[in-house]
Amino acid sequence: MRYERNEWPSYKSEMPLGQIPVLKVDGVKLPQSMAIARFLAKRFGLWGKDDLQQANVDTVVDTIVNLMNKFSPIYAEQDESKKKAEMAKFFPNELPKHVRNLDTLVKLYSDGGLFFVGNHLTCCDLEVYNILEYLLQIDENVLYSYSWLHKNREEVEKQPKIASYLKNRPARRSTTC
Amino acid sequence: MSNYKLYYFNGRGRAEVTRLIFAQAGQKFEDIRWEHSEWPQHKAETPLGQMPVLEVDGTKLPQSLSIARFVAKKFNLAGRDNLEQAKVDSVIDTNADLLQKFVTVSFEKDEQKKQQALETFQQEDLPKQLQNLETLLTNYGQTGPYFLGANLTWADLMFLDMVEKVQDLVKTQNFLDKYPKLKRNHDEVQKQPKIAAYLKSRPQTPF
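Residues numbered from 1 in each chain as written. Chains lettered and ligands numbered in written order. Predicted model: local features only at pLDDT ≥ 70, side-chain atom pairs only at ≥ 80, totals over all residues. Heavy atoms only, no water.

### Things to note about helix α3 (residues 51–75) of chain A
Residue and element names in this part refer to chain A.
Right, on to step 1. Taking 1.5 Å of rise per residue, the 25 residues of α3 would be expected to cover 36 Å, and the 35 Å separating its terminal C-alpha atoms lies within 8% of that figure.
Right, on to step 2. At Asn69, α3 shows its maximal bend, which comes to roughly 30°, and the proline Pro73 appears one to four places after that position.
Right, on to step 3. When you tally the buried positions in α3, you get 18 out of 25 residues, the bulk of the element.
Right, on to step 4. The backbone nitrogen of Leu52 lies 3.1 Å from a side-chain oxygen of the residue at the head of α3, namely Asp50. (Helix = DSSP H or I, 4+ residues; strand = E, 2+ residues; numbered from the N terminus. Expected span 1.5 Å × (residues − 1). Bend = angle between axes of the 7 residues up to and from the residue. Buried < 20%, exposed > 50% of the residue type's maximum accessible area, 1.4 Å probe, protein only. Polar contact = N/O pair within 3.5 Å; in protein donor to acceptor, adjacent residues only side chain to side chain.)

### Section: the domain arrangement of chain B
All names here are of chain B.
Right, on to step 1. Examined at the domain level, chain B breaks down into domain 1 (4–76 + 196–201) and domain 2 (82–191).
Right, on to step 2. For domain 1 versus domain 2, the distance between C-alpha centres works out to 21 Å.
Right, on to step 3. Taken together, the contacts link 14 residues of domain 1 with 16 residues of domain 2.
Right, on to step 4. Both faces combined, the contact of domain 1 with domain 2 buries some 1400 Å², and carbon together with sulfur accounts for 64% of it.
Right, on to step 5. The partner of Arg69 in a salt bridge is Asp89, and the shortest N-O contact between them spans 3.0 Å.
Right, on to step 6. If you look at where domain 1 meets domain 2, you find three residue pairs in polar contact (both at pLDDT 80 or more).
Right, on to step 7. Looking at the side of domain 1 that touches domain 2, the elements that each hand over two or more residues are α1 (16–25), α3 (64–74) and α8 (193–201).
Right, on to step 8. Among the elements that make up the side of domain 1 that touches domain 2, the one with the highest residue count is α1 (five residues). (Domains from an automatic or database assignment. Contact = heavy atoms within 4.5 Å. Buried area = accessible area lost by both parts, 1.4 Å probe. Salt bridge = Lys/Arg side-chain N within 4 Å of Asp/Glu carboxyl O.)

### Regarding the layout of surface pockets
Residue and element names in this part refer to chain B.
Right, on to step 1. Considered as a void within the structure, the second largest pocket measures approximately 210 Å³ in volume.
Right, on to step 2. If you tally residues by element for the lining of the second largest pocket, the top one is helix α5 (residues 111–141), at four residues.
Right, on to step 3. For the lining of the second largest pocket, the class distribution of residues is six nonpolar, three polar and two charged. (1 Å grid on protein atoms, 1.4 Å probe; cavity = no way out; pocket = protein on both sides within 12 Å on 5 of 7 lines; lining within 4 Å. Points joined across faces, edges and corners; volume = space filled by probe spheres on them. Nonpolar A, V, L, I, M, F, W, Y, C, P; charged D, E, K, R; others polar.)

Following this line, the structure appears as structure tokens:
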């Protein structure tokens, strides 16, 4: 379900926390995007095969969410000149350490494969793909020296169901992540 | 039998929720606390140059909430099935939203900006998230007292930790008065024998 911004106010009070996304499942309205994502990933075998792999997937997700928490307010900034100034600081000063952290986790968890954890696609590959897409649209050199992160992106895009989804999904017009 | 080592500063901060989980689980662990002056020499030993880190079975896990979730699951404090775990996660994430605002105020160095940020926190952010938590407690917990009703989970422990942090910041406890279910939850959790014993015996620290 996709609401236009002008439709949203009339649906807001139907959501538990007046926020979206919300997943309606088994009679429950579940708020909080990461809680939703983890729930679905577990249901569909995309969260890691044992406790430790699951913790590693969570760690990668937390790391990319740390990045998103810094980037998102800047991306959503309405004042154009303020946004430009903040972006100019974010890309050289803040972003590199987050990308480096991701690369560190790759070395720890990927077992020489092309996915973050356990040699198979998990929801953290998808979340990293999703967030980095916003950044790459602004600066295509964000992953410049991180060849593994490039290859991981290519590997995610090649998955047949992902490729098909990326081709057919509605074009994104929002100004928030 | 796994051996657990939790590394953090000598304070509650981002490690306390995991300490509370270990306490409720009755699980011994090495509670390693480094003073700020010691930290630089240990930083490179950690995966991301950050703490907390949990060392278990030869692996070092970073990221406080991933650590807490891993330990909670091990000791059946994360919810009994996927949907319960998702409900718990949504409470954790709501607490984390509040924590993010708390951190912004707490770490602001400019005194004037800090006062403004504190006021915004007390007038806007805190009431908003407390209302959200009261809503989730009502929706998931039914007659309560815990976020999942009759079963204590790490959602309750994270809330306990958050209340302490907010108390430290706003110097009062009365912010829960308007939220009867949250207040009852907070009272009940503190009374649990293992939690009460832990709160009594843990090191007293400023943060």
